[in-house]
Structures are given as structure tokens and as C-alpha cells.
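What follows is the residue order along each chain.
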Amino acid sequence: MSYTDQTLYCRDCNQEFTFTAGEQEFYASRGLTNSPSRCPSCRAARKQQAGGQSRGGYSRGGNGGGYRSEPRQMYTAICASCGNEAQVPFQPREDRPVYCSDCFQAQRDSRSSDRRSRW
């Protein structure tokens, strides 16, 4: 498919901007079907204002969901296996055991090897 430059108008500042053939090709390669509704400078300003977060509340990142603008609240608990103090990202409950990261990994490894041996 051949693309030609398009003149569009920004929905924020009403300035004219060009949606180049190269940009159109890039959008198509990513499966994006809508043309941009903001000029590059308004897009950059909006992105910076949002702190890099997308509208859905998620953003790219490697920590299971995205970057956080503030540090995650951590709770102190005593490991049910070794008795050491552990920091966990959830509020511990009395009726559930809490493990430090080393004991949790050991529990996980032993459970997965049990599953593998059954089949």
C-alpha cells in the first residue's frame, strides 16, 4: 500500500500538522488504524503531563504492570518458615502464612517439582 502525506489539524491547539507517509507506514505496521488527533508537540506535552502513563492506567515496564509514580507500600512480616523479617507488598493476615523471598522461592520450587513428578 502506498501512503501520501496528509495535512491534519490538532484537536488541542488547532494547528495544522503533517502526518507523513513514513508515520502512516509505522502506524500501520503497529496495527494502529486511526490517524493521530494531536500534533507532535501537543502529544509530547500530554504524555509528559500524564507522567508516561497510558489512559488505561497501565504503562510499559517490567514490574508486572508498569511504572509507578510513587513507591509501592511494603509491609513487614515474619517468615513462617525461617522466622526472619520479610518485606511484602500486601497486608499480611493472621490466617495465612507469609514467607520471605528465599523461603517462598523454595516453596514454589518444591511444589513445581511435585507437579512434574506426577505426570
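Residues numbered from 1 in each chain as written. Predicted model: local features only at pLDDT ≥ 70, side-chain atom pairs only at ≥ 80, totals over all residues. Heavy atoms only, no water.

A.B. asks: Where do I start with the pattern of salt bridges in this structure?
C.D. replies: Pairing is possible between side chains that carry opposite charge, provided their charged atoms lie close to one another. Using the criterion set out here, one finds two salt bridges in the structure. Note that arginine 38 is salt-bridged to aspartate 12, the shortest N-O span being 2.8 Å. On the criterion of sequence distance, the pair formed by arginine 38 in the loop between helix 1 (21-29) and helix 2 (40-49) and aspartate 12 in the loop between strand 1 (6-9) and strand 2 (16-19) is long-range, its members being 26 residues apart. Among the residues examined, aspartate 12 registers a relative accessible area of 44% and is labelled partly exposed. The salt bridge partner of arginine 93 is aspartate 95, with a shortest N-O separation of 3.1 Å. Here the two residues arginine 93 and aspartate 95 agree in accessibility, since each one is exposed. (Salt bridge = Lys/Arg side-chain N within 4 Å of Asp/Glu carboxyl O. Helix = DSSP H or I, 4+ residues; strand = E, 2+ residues; numbered from the N terminus. Buried < 20%, exposed > 50% of the residue type's maximum accessible area, 1.4 Å probe, protein only.)

A.B. asks: Whenever I open this one, the nonpolar core confuses me. Can you help?
C.D. replies: Where a protein is soluble and globular, its nonpolar side chains tend to be buried together. In terms of nonpolar packing, the biggest core is built from seven residues, these being Leu8, Cys10, Phe17, Phe19, Tyr27, Cys39 and Cys42. Excluding anything up to four places from it in sequence, phenylalanine 19 contacts Thr4, Asp5, Gln6, Leu8, Gln24, Tyr27, Ser35 and Pro36. (Core = buried A, V, L, I, M, F, W, Y, C linked by side-chain atoms within 4.5 Å. Contact = heavy atoms within 4.5 Å.)

A.B. asks: Please explain the UniProt feature "domain: CxxC-x17-CxxC" (unreviewed entry) in the protein chain as it appears in this structure.
C.D. replies: Here, UniProt's "domain: CxxC-x17-CxxC" (unreviewed entry) annotation points to residues 72-108. In residues 72-108, helix accounts for 22% and strand for 22%; the two terminal C-alpha atoms are 24 Å from one another. (UniProt positions renumbered as here; feature names shortened; annotations may be inferred.)

A.B. asks: How do you make sense of the packing of aromatic side chains when you look at a structure like this?
C.D. replies: Taken as a whole, this structure holds one aromatic pair when the rule is applied. Both rings, one in phenylalanine 19 and one in tyrosine 27, keep their centres 5.0 Å apart while their planes meet at 75°; by these two values the pair is edge-to-face. As far as the burial class goes, phenylalanine 19 and tyrosine 27 line up, both buried. (Phe/Tyr/Trp six-rings, centres within 6.5 Å; stacked < 30°, edge-to-face > 60°.)

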